[in-house]
Amino acid sequence: MKRFWKGMMEWKTAASLMYTGAMFFYLFFSWLFDNRTVSTTLLWTLLLACIAGSLIQGVCFSDWIIKKMRYTWRSLLFVVLFLPALSFTAWKAEWFPTDNMGAWATFIGMFFLTFLVMTIGFDIYYRITGRKYDGLIGQYRKEKGESGK
């Protein structure tokens, strides 16, 4: 039961962070396009998308359900699950003119661009963190080797 509550807290935190990021983008583009009104439908559907997205992210990138899977396959699974969920939400909430194919192309393009930037960012972060820990382990082994003589 303790593991369940820990997972719930992680999921809630991820959903909150994702929603905060979505609100930042919403505010930025509202400012950019001089939109002075707030759509409560958009706010609620963004919350729903963030809740679903963080749950899908938890399923794909943690060991909640999938214990062993390569990161590449996890990423593909995330895209396969999240893009349709996000597209369905955008369609039902009419985030943009849904009969406009250019709007859909922009939406899907932005999804993949965001996914690519996030993936590269995490890859860089993990490489830097990995090098940091490799250095610390090397330093520890060196100190242990010197004190063991």
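Residues numbered from 1 in each chain as written. Predicted model: local features only at pLDDT ≥ 70, side-chain atom pairs only at ≥ 80, totals over all residues. Heavy atoms only, no water.

Asker: Before we go on, may I ask you to explain helix H2 (residues 40-61) in this structure?
Answerer: The α-helix advances 3.6 residues per turn, and as a result positions three or four apart in sequence lie on the same side. With 22 residues, H2 extends 31 Å between its outermost C-alpha atoms, agreeing within 8% with the 32 Å of an ideal straight helix rising 1.5 Å per residue. Residues Leu42, Thr45, Leu46, Ala49, Cys50, Gly53, Ser54, Ile56, Gly58, Val59 and Cys60 constitute the buried set of H2. In this structure, the buried side of H2 is in contact with helix H1 (2-32) and helix H3 (71-93). (Helix = DSSP H or I, 4+ residues; strand = E, 2+ residues; numbered from the N terminus. Expected span 1.5 Å × (residues − 1). Buried < 20%, exposed > 50% of the residue type's maximum accessible area, 1.4 Å probe, protein only. Contact = heavy atoms within 4.5 Å.)

Asker: Would you explain the packing of H1 against H2 in this entry?
Answerer: As a packed pair, H1 and H2 sit with axes 8 Å apart at the nearest point and diverge in direction by 135 degrees. Taken together, the axes of H1 and H2 are oblique relative to one another. As for the relative orientation of H1 and H2, their crossing is right-handed in sense. Every residue of H2 that contacts H1 at Trp11, Ala14, Ala15, Met18, Tyr19, Ala22, Met23 and Tyr26 is listed here: Leu42, Leu43, Leu46, Leu47, Cys50, Ile51, Gly53, Ser54, Leu55 and Gln57. Of the residues belonging to the contact of H1 with H2, the class tally is 15 nonpolar, three polar and no charged. (Axes fitted to C-alpha atoms, helices over the stretch in contact; angles between N-to-C directions. Parallel < 35°, antiparallel > 145°, perpendicular 65-115°, else oblique. Left-handed = near helix turned anticlockwise from the far one by under 90°. Nonpolar A, V, L, I, M, F, W, Y, C, P; charged D, E, K, R; others polar.)

Asker: Before we go on, may I ask you to explain the side chain of Arg74 in this structure?
Answerer: Relative to the helices and strands, Arg74 resides in helix H3. One buried charged residue, Arg74, forms no salt bridge at all, with the nearest opposite charge on Asp63 at 7.5 Å. A distance of 3.0 Å separates a polar atom in the side chain of Arg74 from the backbone oxygen of Met69. Setting aside chain neighbours within four positions, we find Arg74 in contact with Val59, Cys60, Phe61, Ser62, Ile66, Lys67, Lys68 and Met69. (Lys, Arg positive; Asp, Glu negative; His and termini not counted. Salt bridge = Lys/Arg side-chain N within 4 Å of Asp/Glu carboxyl O. Polar contact = N/O pair within 3.5 Å; in protein donor to acceptor, adjacent residues only side chain to side chain.)

These figures capture arrangement, not role.
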